[in-house]
Amino acid sequence: MATAKEQQMKIKAKLEAVRKQIDELRIQEKLLIELLGDDAPAKPVRQRSPSIKPLVLDYMKAAGESGATTAEVDAAIRAQVPTVAKDTVGSILSRLKGDGALVYEGERYYEKKFAPRPNPFSDVGGLRAVS
């Protein structure tokens, strides 16, 4: 029967042989990859969602004088681009409002040219216009 030291030496020798095989396989792998013309394994390409700002502008133009709520615009955009992040549509509407392209009134957004106009004959400063 082999002593513990002899068994340990056999295991170390076997481990060294396995490591040599691994090194040889890595060299073979590298050569095969070079023959294929691949420098590195392909990584999955992350695709970005298309820009939805033009879609929002188109929707608001189509909404016309009736305008649209954030929820309505969000639902319409998600029907076209399901990968839109949660608050993206609301952020775009807010930025467009800040840029002056949209007007926000009574929980509805309107394209600027379709925004409700204040009635010049309404109650102004506590005085009523006489009809």
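Focus: the overall build of the protein
Along its length, the protein carries four helices and two strands. The buried share of the protein, taken over its 131 residues, is 18%. Within the protein, contacts between residues at least 6 apart in sequence are counted, and of these 48% link residues at least 24 apart.

Here's the deal with helix H2 (residues 53-63)
For H2, the full list of buried residues reads Val56, Met60 and Ala63. Across the axial projection of H2, the buried residues extend over an arc of 55 degrees, all falling on one side. On its buried face, H2 sits against helix H3 (70-80), helix H4 (88-98), strand S1 (102-105) and strand S2 (108-111). Immediately beyond the C-terminal end of H2, within one or two residues, lies Gly64, with a positive phi of roughly 55 degrees.

A few points about unusual backbone geometry
Phi at Glu107 takes a positive value of approximately 70 degrees, unusual for a residue other than glycine. Here Glu107 shows up in the loop between S1 and S2. Glu107 sits in the exposed class, given a relative accessible area of 59%.

A word on helix H1 (residues 4-36)
The end-to-end C-alpha separation of H1 is 48 Å, in line with the 48 Å expected for 33 residues at 1.5 Å each. Just downstream of H1, Gly37 is the residue with a positive phi angle, here 90 degrees.

Considering the pattern of salt bridges
One pass over the full model with this rule turns up two salt bridges. Here Glu72 makes a salt bridge to Arg108, at a shortest N to O gap of 3.1 Å. You can see Glu72 sitting in helix H3 and its partner Arg108 sitting in strand S2, a full 36 residues away along the chain. Asp74 is the partner of Arg78 in a salt bridge, and the nearest nitrogen-oxygen pair spans 3.0 Å.

Structural notes on the pairing of S2
Remark: a regular strand shows side chains that alternate across the two faces of the sheet. Here S1 pairs with S2 via four bridges, running antiparallel. Counterpart to Glu105 in the pairing with S2 is Arg108. In sequence, S1 turns back onto S2 through a hairpin of two residues, with Gly106 there showing a positive phi of about 60 degrees.

About the thresholds
- Sequence order as written defines the numbering, with residues in each chain counted from 1.
- Note on the predicted model: pLDDT of at least 70 is required for a residue's local features to be given, and 80 or more for side-chain atom pairs to be given and counted; whole-chain, interface and lining totals, by contrast, use all residues.
- The side-chain figures draw on all heavy atoms in the structure; neither hydrogens nor water molecules are used.
- Segments assigned H or I by DSSP are reported as helices when at least four residues long, segments assigned E as strands when at least two residues long, and all are numbered from the N terminus.
- Buried, partly exposed and exposed residues are distinguished by accessible area as a fraction of the type maximum, computed with a 1.4 Å probe on protein chains only: under 20%, between the cut-offs, and over 50%, respectively.
- We call two residues contacting when some pair of their heavy atoms lies within 4.5 Å.
- What the arc covers is the set of directions going from the helix axis to the C-beta atoms.
- Helix span, expected: 1.5 Å multiplied by one less than the number of residues in the helix.
- In the sections that follow, a salt bridge refers to a side-chain nitrogen of Lys or Arg positioned within 4 Å of a carboxyl oxygen of Asp or Glu.
- In this scheme, strands are said to pair when DSSP sees at least two bridges between them.

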